[in-house]
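# Observations on the three-dimensional arrangement
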2 protein chains.
Amino acid sequence: MAPPDQQPDTPRRRPGGRTSRIRTQVIDAVRAELAERGYDELTIDGVAARGGVHRATVYRRWRDVGGLLADVFAAAGDDDWQPPDTGSLEGDLTALNQESQDSMTAQPPLVMALFAASFRSEEAARGVRRLWEDRYIRCEAIVRRAVGRGELPEGTDARRLLVAATAPVYHHLVLLRTPPDPALPADAARTAVLAARAGAFVAG
Amino acid sequence: MAPPDQQPDTPRRRPGGRTSRIRTQVIDAVRAELAERGYDELTIDGVAARGGVHRATVYRRWRDVGGLLADVFAAAGDDDWQPPDTGSLEGDLTALNQESQDSMTAQPPLVMALFAASFRSEEAARGVRRLWEDRYIRCEAIVRRAVGRGELPEGTDARRLLVAATAPVYHHLVLLRTPPDPALPADAARTAVLAARAGAFVAG
């Protein structure tokens, strides 16, 4: 599901003035600090210094580390990410899982640092919840297209299918902490497709 | 998978002398401190005071918070837990998921506190990895019994089936942070059974 974008140094630049430029600098700095040094070392002063922004500006606009984290999650959801469109349900789910696995194993480990932060701060937990919700809603397009192609029955519950297809990848990397398994993205996708064809996600 | 036992106040008492009694007191104290106050407040002194054990003893034997956490995970795996045996694959997986969901939503939130700690400390991360591994190995009995009853083909990959069946429950509660869904334990079990019958977990 590629929760937050895994490339700390290439955020989307928006057209806009000084305010949006400062926000970009600050968010980039938070991501870089988190990825390289972790949540425990995250401070307003460190972010201001790294971002080249006056610390009074950062305190005024973001207040504290929680405010910074909340904005990192908000910015991550405020992009034009779209789920893969490969022409088949299994292809789309495999590509989606591969993207998630890549983002979770990228160096520096920004995505894992964001998961860790979400256990530390209520603002971060809310941010991660909203971001997941947004990502799963976007991914419903995968299921709609599959229904349109006749690959899935009408009435398939998109969310349940998407969670079944994606959960094993997160389970291994975030909870079980096993090394990345190159076969897992495709295996988990295929398993969900087989279950879907057997009617697992149709209500009733 | 009911990772660590969810009942901080009823660990297994072992026969044994003073050493094992002190270990029980200390581990109970760590669990209670974690569940009620969280990782950030966990200290050797707080654990010693709560457990009624001399702080020098705790320092000598466990050294630091990482050592205490490692022993909590070791103790959690050192029990006689067995997976549910209901007479059917779907029944066993549903009961297993229900047990996990109950342990993750129990108050005080010890299991969630242990997950959070596993993002903070390398010792805790290793501990949680070993505990999962132990639990999944014990759960292979569910798959063996189902193969024996003819519910599943020979050659079914037990681990892949078990991860598919259990991952959605953890995904919702630990990562997505959605409220517990009473239908999910059975839904996720049924989905995995349908996939298994369709051959999802047989190599080749």
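Everything quoted here is computed from the prediction, not taken from an experiment. (Residues numbered from 1 in each chain as written. Chains lettered and ligands numbered in written order. Predicted model: local features only at pLDDT ≥ 70, side-chain atom pairs only at ≥ 80, totals over all residues. Heavy atoms only, no water.)

## What to know about the overall build of chain A
Looking only at helices and strands, one finds nine helices and zero strands in chain A. Along chain A, helices and strands appear, N-terminal first, in the series α-α-α-α-α-α-α-α-α. By its C-alpha atoms, chain A is 60 × 35 × 30 Å across when sized along the principal axes. The proportion of buried residues among the 204 residues of chain A is 53%. In chain A, 69% of the contacts between residues at least 6 apart in sequence involve partners at least 24 apart. Here chain A has roughly 8700 Å² of accessible surface; of this, 50% comes from carbon and sulfur atoms. (Helix = DSSP H or I, 4+ residues; strand = E, 2+ residues; numbered from the N terminus. Buried < 20%, exposed > 50% of the residue type's maximum accessible area, 1.4 Å probe, protein only. Contact = heavy atoms within 4.5 Å. Areas by Shrake-Rupley, 256 points an atom, 1.4 Å probe, with all protein chains shown as cover.)

## Examining the UniProt feature "domain: HTH tetR-type" (unreviewed entry) in chain A
Those places that UniProt annotates as "domain: HTH tetR-type" (unreviewed entry) correspond, in this numbering, to residues 20-80 of chain A. Span residues 20-80 of chain A is 77% helix and 0% strand, its end C-alpha atoms 17 Å apart. (UniProt positions renumbered as here; feature names shortened; annotations may be inferred.)

## A short note on the UniProt feature "DNA-binding region" (unreviewed entry) in chain A
Sites flagged by UniProt as "DNA-binding region" (unreviewed entry) map to residues 43-62 of chain A. Secondary structure across residues 43-62 of chain A comprises 80% helix and 0% strand; the distance between its end C-alpha atoms is 12 Å.

## Topic: the interface of chain A and chain B
Across the boundary between the two partners, chain A contributes 34 residues, which contact 33 residues of chain B. The largest share of the area that chain A buries against chain B comes from Phe119, Leu175 and Arg177 of chain A, three residues that together contribute 25% of it. Inspection of the region where chain A meets chain B yields four salt bridges. Taking the shortest distance from any N to any O, the salt bridge between Asp187 of chain B and Arg160 of chain A comes out at 3.4 Å. Inspection of the chain A/chain B interface yields 10 residue pairs in polar contact (both at pLDDT 80 or more). When residues of the side of chain A that touches chain B are traced back to their parent elements, those giving at least two are α6 (110-118), α7 (122-148), α8 (158-176) and α9 (184-197) of chain A. With 12 residues, the single largest contributor to the side of chain A that touches chain B is α8 of chain A. Here the side of chain A that touches chain B is built from residues that sort into 21 nonpolar, six polar and seven charged. (Buried area = accessible area lost by both parts, 1.4 Å probe. Salt bridge = Lys/Arg side-chain N within 4 Å of Asp/Glu carboxyl O. Polar contact = N/O pair within 3.5 Å; in protein donor to acceptor, adjacent residues only side chain to side chain. Nonpolar A, V, L, I, M, F, W, Y, C, P; charged D, E, K, R; others polar.)

## Some thoughts on the pattern of salt bridges
Residue and element names in this part refer to chain A. Counted according to the given criterion, the structure contains 41 salt bridges over all chains. Linking Arg120 and Asp40 is a salt bridge whose minimum nitrogen-to-oxygen distance equals 3.2 Å. Of this pair, Arg120 sits in the loop between α6 and α7 while Asp40 sits in the loop between α1 (18-37) and α2 (44-51); the two residues are 80 residues apart in sequence, bridging distant segments of the chain. The exposure class assigned to Arg120 is partly exposed, which follows from its relative accessible area of 22%. Asp40 gets classed as exposed once you look at its relative accessible area, which sits at 53%.

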